[in-house]
Amino acid sequence: MKSNIRVRFAPSPTGPLHIGGVRTALYNYLFAKKHRGKFILRIEDTDRSRYIKGAEEYIMESLGWCGIRVDEGVNEGGDYGPYRQSERKDIYSKYASMLLESGWAYEAFDTPEELEILRKSHEEKGNTFVYDAKIRGKLKNSISLPADEVSRLHSEGVPYVIRFKMPVNEDIEMNDLVRGNIIVNSGTLDDKVLYKSDGMPTYHLANVVDDHLMEISHIIRGEEWLPSLALHVMLYRAFGWEMPSCAHLPLLLKPTGKGKLSKRDGDKLGFPVFPLYWPYGETASGYREEGYFPEAFVNMLALLGWNPGTDKEIFSMNELIEEFSIDRVGKSGARFDPEKARWFNHQYMQILQVQKIAAEYVKIVGNKGYEIDIKRASELVEMVRGRVDLISELWHQTDFFFKGPEIYDEAAVKKRWKDDSPFQMQELRSVLKAIISFTSDETEREVKKWIQENDYGMGDVLNAFRLIIVGELRGPHLFDIIAFIGKEETLKRLDKGLECLS
RNA sequence: GCUCCGUUCGUCUAGUGGUUAGGACGCAAGGUUUUCAUCCUUGUAGCAGGGGUUCGAUUCCCCUACGGAGUACCA
């Protein structure tokens, strides 16, 4: 392993960052930190037509939310900048020329329209058109055309692209840290465009040049890049550069059906596919807004395609960094399970510091039009955290702490409001009124004593009481509820309940 | 179509040339409980198929099937 570990996450700003992308970023980050290396964020915006405003910021905010800290990048700076490919145009042009000079590339004057026609006609015959070694001699390029014709086209300013001149028949050996050795014959590969007629490089050229110039030691990226690895290997060879090690991560698959996870699946099955809410154009929900903790989100993603080889499932970021290893990244695609995502969040709901959860909870309460201080909020969170998965579910477990019931659940009334109830609740009111120290323990002791002395049914009394306090048959320990809302409010709700239900 | 990659319970996965194939989610049952949950216990279910190699294959090799990705002047 190289002494200086440098990895990059290289998204293109074409929309919100998918959780598969976040996982790629995470694995890069874990690997970098594990080896005390650098995590670089490079923006691959060479396709100007697909550029979406706000996407770059979205990517950075997403990484930030996850706790993935960028060492070098557009915002952070660094010695290998610029970190936005659109700002490195002249660099690519220089390297494309080098390939032209060394004979590893050639200029092609075929227009997109001409190629489209060729594709169509091949399709009609049931074939696929590929711009490769077999056919390049018959097309319009600096290999097939005489030199004077090429210079004439140049002088006329005819646009052209630069294509890689793939060797005719050569076994290309590659090594992938996840998959081992792979051999592909160059004869099955085409002459990929390296440099577009608009003066921008394609991904293939840009990533190779940048990875080399930025001294990237390990390429960790999605499996969708595996088919173009052979091209990249050849490009390194053409430049005479040493190839970084690479690892191709398995895909994230949709929960049901076929194919990779897409935005559609989230919409259909009701779970987010993105870390944060995406506010532009066709909006999309995010894990943050749905009530997930970044810790849980990261933990869940880390285990989708990687495992520590032990039964341990709950990992802090530091533990992940400590334990992460590419050796233990799986080969096969991982189907995303929204249920398990909730389960992870439930775990964090139990183990995270109560103040941390309460801070989020205070905001929710505020949005609902109430106020609560962090101390009282912490008490409530402590009371109900075991009952919820998501932060956003906290409110439904605590709304009745802020306001007494307006209406009483019909089914609950039918089931729990008996003939004896009015009388019992009236008596209960007196019992409670007499209690000086209105704590949970004290009220519970006194009320239960009263129930036993009178030989009432425990369930009858307490469920009717709960109905009056909450309005429904739900919520945490009843005596905790009344202790929290206080004696005055408890008696008030009893009065109102007696009035409405009798 | 072609190229490449993959395949252990429904899902995420551990695992080994000889194991009762382990864990987690989910689901089911039981327990705890004033409600609803939580929680605890138990259970449920798997080596894609076919050939080899071998004393013995889930494990190694081949084929098939299935799944996935790529096949753009997109990344």
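These figures come from a predicted structure and were not determined experimentally.

**Here we look at the confidence of the model for chain A**
Alright, step 1. Summary statistics for chain A give a mean pLDDT of 94 and a share of 99% for residues scoring 70 or more.
Alright, step 2. With pTM at 0.94, the complex prediction returns an ipTM value of 0.94.

**Looking at the protein's contact with RNA strand B**
Alright, step 1. RNA strand B sits among 59 residues. The nearest are Arg179, Lys196, Arg387, Gly475 and His477.
Alright, step 2. Taking all atoms of RNA strand B within 4 Å of the protein, the share assigned to sugar and phosphate is 72%.
Alright, step 3. Arginine 50 has a polar side-chain atom sitting 3.1 Å from a base oxygen of RNA strand B.
Alright, step 4. In the model, a sugar or linking oxygen of RNA strand B is placed 2.6 Å from a nitrogen or oxygen of the glutamate 313 side chain.
Alright, step 5. Contributions of two or more residues to the surface near RNA strand B are made by α4 (112–124), β4 (161–164), β6 (180–185), β11 (334–335), α12 (338–351) and α19 (458–470).

**Thoughts on the nonpolar core**
Soluble, globular proteins show a tendency: their nonpolar side chains are buried together.
Alright, step 1. Phe39, Leu63, Met425 and Leu432 are the most contacted members of the largest nonpolar core, which has 114 residues in total.
Alright, step 2. By residue number, the principal contributor to this core is helix α20 (residues 478–501), which donates ten residues.
Alright, step 3. Each of domain 1 (289–400) and domain 2 (410–501) accounts for three or more of the residues forming this core.
Alright, step 4. With residues near it in sequence (within four places) discarded, leucine 432 still touches Phe438, Thr443, Val447, Phe465, Ile482, Lys487, Thr490, Leu491 and Leu494.

**Digging into the sheet that holds strand β3 (residues 105–108)**
Alright, step 1. Reading across the sheet, the three strands line up as β3-β4-β7 and stay open at both edges, with antiparallel pairing between neighbours. Pairing within the sheet leaves two strands with one partner each, and these edge strands are β3 and β7 (193–195). For this sheet, the mean inter-axis angle between neighbouring strands, taken without regard to orientation, is 45°.
Alright, step 2. With two bridges joining them, β4 and β7 adopt antiparallel strand pairing. Bridged to arginine 163 within β7 is valine 193.
Alright, step 3. Across the sheet, helix α3 (residues 89–102) lies against β3, β4 and β7, angled at about 125° from β7, the strand it touches most.

**With respect to the side chain of serine 217**
Alright, step 1. Checked against the element boundaries, serine 217 lands in the loop between α6 (203–213) and β8 (218–222).
Alright, step 2. Residue class for serine 217 comes out buried when judged on its relative accessible area of 1%.
Alright, step 3. For serine 217, the side chain forms a polar contact with the side chain of histidine 218, separated by 2.8 Å.

**Let's talk about unusual backbone geometry**
Alright, step 1. With an omega of -5°, the peptide bond between glycine 81 and proline 82 qualifies as cis.
Alright, step 2. Tracing the backbone shows proline 82 in the loop between α2 (55–66) and α3.
Alright, step 3. Phi is positive for arginine 36, close to 50°, though the residue is something other than glycine.
Alright, step 4. Tracing the chain through its elements places arginine 36 in the loop between α1 (19–34) and β2 (38–41).

**Side note on the pattern of salt bridges**
Alright, step 1. Using the criterion set out here, one finds 44 salt bridges in the structure.
Alright, step 2. Across the salt bridge formed by lysine 33 and aspartate 71, the nearest N and O atoms sit 2.8 Å from each other. Taken as a pair, lysine 33 in helix α1 and aspartate 71 in the loop between α2 and α3 lie far apart in primary sequence, 38 residues in all.
Alright, step 3. The salt bridge partner of glutamate 444 is lysine 448, with a shortest N-O separation of 2.7 Å. One end of the pair, glutamate 444, and the other, lysine 448, are both in helix α18 (residues 440–454), four residues apart, so they sit about a helical turn from each other.
Alright, step 4. Given the relative accessible area of 18%, glutamate 444 is considered buried.

**A short note on helix α10 (residues 294–302)**
Alright, step 1. Burial runs high along α10: eight of the nine residues are buried.
Alright, step 2. Where α10 is concerned, the buried positions are Pro294, Ala296, Phe297, Val298, Asn299, Met300, Leu301 and Ala302.
Alright, step 3. The elements touched by buried residues of α10 are α1, α2, α9 (287–290), α11 (317–323) and α12.

**A word on the domain arrangement of chain A**
Quite often, the size of an interface is put as the accessible area lost when its parts meet.
Alright, step 1. Domain annotation for chain A reports domain 1 (289–400) and domain 2 (410–501).
Alright, step 2. Relative to domain 2, the C-alpha centre of domain 1 lies at a distance of 34 Å.
Alright, step 3. Taken together, the eleven residues of domain 1 in the interface contact eight residues of domain 2.
Alright, step 4. Each partner contributes to the roughly 930 Å² buried at the junction of domain 1 and domain 2, and carbon and sulfur atoms together form 62% of this total.
Alright, step 5. The three residues of domain 1 that bury the most area against domain 2 are Arg376, Met383 and Phe400, which together make up 66% of that side's buried surface.
Alright, step 6. Put simply, aspartate 399 and arginine 474 hold a salt bridge, and the shortest N to O gap is 3.2 Å.

**Comments concerning the packing of aromatic side chains**
Alright, step 1. If you walk through the whole model with that rule in mind, you get 26 aromatic pairs.
Alright, step 2. Ring centres of tyrosine 95 and phenylalanine 239 lie 5.7 Å apart, and the angle between their planes is 80°; this geometry places the pair in the edge-to-face category. One end of the pair, tyrosine 95, is in helix α3; the other, phenylalanine 239, is in helix α7 (residues 229–239), and 144 residues separate them in sequence. By the burial criterion, tyrosine 95 is buried, and phenylalanine 239 matches it.
Alright, step 3. Judged by centre distance (6.5 Å) and plane angle (35°), the rings of tyrosine 106 and tyrosine 131 are tilted.

**Points about the environment of valine 381**
Alright, step 1. If you trace the backbone, valine 381 turns up in helix α14 (residues 374–384).
Alright, step 2. Those residues in contact with valine 381, other than ones at most four positions away along the chain, are Val354, Ile357, Ala358 and Tyr361.

Cut-offs and rules
- Residues numbered from 1 in each chain as written.
- Chains lettered and ligands numbered in written order.
- Predicted model: local features only at pLDDT ≥ 70, side-chain atom pairs only at ≥ 80, totals over all residues.
- Heavy atoms only, no water.
- pLDDT = per-residue confidence, 0-100.
- Near = heavy atom within 4 Å.
- Polar contact = N/O pair within 3.5 Å; in protein donor to acceptor, adjacent residues only side chain to side chain.
- Helix = DSSP H or I, 4+ residues; strand = E, 2+ residues; numbered from the N terminus.
- Core = buried A, V, L, I, M, F, W, Y, C linked by side-chain atoms within 4.5 Å.
- Buried < 20%, exposed > 50% of the residue type's maximum accessible area, 1.4 Å probe, protein only.
- Domains from an automatic or database assignment.
- Contact = heavy atoms within 4.5 Å.
- Pairing = 2+ DSSP bridges.
- Axes fitted to C-alpha atoms, helices over the stretch in contact; angles between N-to-C directions.
- Salt bridge = Lys/Arg side-chain N within 4 Å of Asp/Glu carboxyl O.
- Buried area = accessible area lost by both parts, 1.4 Å probe.
- Phe/Tyr/Trp six-rings, centres within 6.5 Å; stacked < 30°, edge-to-face > 60°.

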